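Commentary on secondary and tertiary structure
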Amino acid sequence: MSGYIEAVRGLACELLDLMAEGLWVPDRSVFSRLIRDDDSDSILRLNHYPPMPLLCKDKDSSSPCNHSKVGFGEHSDPQILTILRSNDVGGLQISLNDGAWVPVTPDPTAFCVNVGDLLQAMTNGRFVSVRHKALTNSYKSRLSMAYFAAPPLEARIAAPPEMVTPTKPALFRPFTWAEFKKAVYALRLGDNRLGLFTTEVDEHVG
Ligand SMILES: O=C(O)CCC(=O)C(=O)O
Ligand SMILES: [Fe+2]
């Protein structure tokens, strides 16, 4: 297991370095440094969704009875980047800007990479954390494994200066991962936590 964690941590760091480069940030380790840190709060989570048979109580009813049950409700991942893989059972869906849900084709040989809330803050909104959910399958067990790349608890989360310009002023006030985690636990799974850290809220509050 520790070999797997090291491998996905390496992948996350490589992707973050490429993202920094793509955003023209001169210090290309600006994001990955947080994950390489010995005190990084990254975690690996295994999810198991047992099969949930579709029960149609009233066969003559016009109400649809073929809705898959939600195994993991709609949310964005709060960390920096998620490296997700699953067995060959589908269920993961991502939300597009217009609110449409798009199923992700299951592929046990592929990684699904999610932008997390912290990366949205650190890129000053250039990358946006993806809302997603996981449905259960009616016959088969679904397994997934998610590596959540996170910074140390006391790391200061703020966009690098290059991401903040007169035409693109700071969207979020600086905060620590510990502060953000507190907000995650205080709110519901599907709530927008970044909304608590916008510069506008700051102005109104303070
Ligand atoms: O099981 C999945 O595909 C998604 C799991 C997930 O979104 C999570 O663990 O945060
Ligand atoms: Fe997630």
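All of these numbers come straight from a predicted model, not from anything done at the bench. (Residues numbered from 1 in each chain as written. Chains lettered and ligands numbered in written order. Predicted model: local features only at pLDDT ≥ 70, side-chain atom pairs only at ≥ 80, totals over all residues. Heavy atoms only, no water.)

1. Quick look at the coordination of the iron ion (ligand 2)
At this site the iron ion (ligand 2) is bound by H75 (NE2), D77 (OD) and H132 (NE2), with donor distances of 2.1 to 2.2 Å. For the iron ion (ligand 2), the single-chain donor residues occur in sequence as H-x1-D-x54-H. Each of the two residues, H75 as well as D77, counts as buried. (Donors = N, O, S within 2.8 Å, 3.2 Å for Na, K, Ca; no water. Buried < 20%, exposed > 50% of the residue type's maximum accessible area, 1.4 Å probe, protein only.)

2. Describing the sheet that holds strand 3 (residues 81-86)
The strand order across the open sheet formed by four strands is 1-8-3-6, and the pairing between neighbours is antiparallel. Since the sheet does not close on itself, it has two edges, and those belong to strand 1 (43-49) and strand 6 (112-115), each with one partner. Ignoring strand direction, the axes of neighbouring strands in this sheet form an average angle of 20 degrees. Two strands pair when backbone bridges link them, and strand 3 and strand 6 are joined in this way by four bridges, in the antiparallel orientation. (Pairing = 2+ DSSP bridges. Helix = DSSP H or I, 4+ residues; strand = E, 2+ residues; numbered from the N terminus. Axes fitted to C-alpha atoms, helices over the stretch in contact; angles between N-to-C directions.)

3. Quick notes on the pairing of strand 3
The element strand 3 is largely enclosed, with a buried count of five among its six residues. Bridging between strand 3 and strand 8 (residues 142-149) involves six bridges; their strand directions are antiparallel. Residue pairing in the sheet places S86 in a bridge with S144 of strand 8.

4. Brief notes about unusual backbone geometry
Of note, W24 is a non-glycine position whose phi angle comes to about 65 degrees, a positive value. The residue W24 is located in the loop between helix 1 (2-22) and helix 2 (32-36) in this model. Owing to a relative accessible area of 75%, W24 belongs among the exposed residues under this scheme. One non-glycine residue, N124, lies in the positive phi region at around 50 degrees. Secondary-structure assignment places N124 in the loop between helix 3 (117-122) and strand 7 (132-135). With relative accessibility at 1%, the residue N124 sits in the buried group.

5. Things to note about the sheet that holds strand 4 (residues 92-95)
Across the sheet, which stays open at both edges, the four strands sit in the order 2-7-4-5 with antiparallel pairing between neighbours. Single-partner strands in this sheet number two, and they are strand 2 (70-75) and strand 5 (101-103). The average angle at which neighbouring strand axes cross in this sheet is 25 degrees, direction not considered. Alignment of strand 2 against strand 7, held across three bridges, turns out to be antiparallel. Residue pairing across strands places F72 opposite A134, the latter belonging to strand 7.

6. What about the site of ligand 1?
The local shell around ligand 1 holds 13 residues, among which R45, Y49, H132, R142 and S144 are the closest. Taking R45, its side chain carries an N or O atom lying 2.9 Å from an oxygen atom of ligand 1. H75 is positioned with one of its side-chain polar atoms (N or O) 3.1 Å from an oxygen atom of ligand 1. Protein contacts shield 99% of the accessible area of ligand 1, which totals 300 Å² for the unbound molecule. Of all elements in the fold, only strand 1, strand 2, strand 7 and strand 8 reach the threshold of two or more residues within the shell around ligand 1. Of the residues contributing to the shell around ligand 1, the split by class is six nonpolar, four polar and three charged. (Near = heavy atom within 4 Å. Polar contact = N/O pair within 3.5 Å; in protein donor to acceptor, adjacent residues only side chain to side chain. Areas by Shrake-Rupley, 256 points an atom, 1.4 Å probe, with all protein chains shown as cover. Nonpolar A, V, L, I, M, F, W, Y, C, P; charged D, E, K, R; others polar.)

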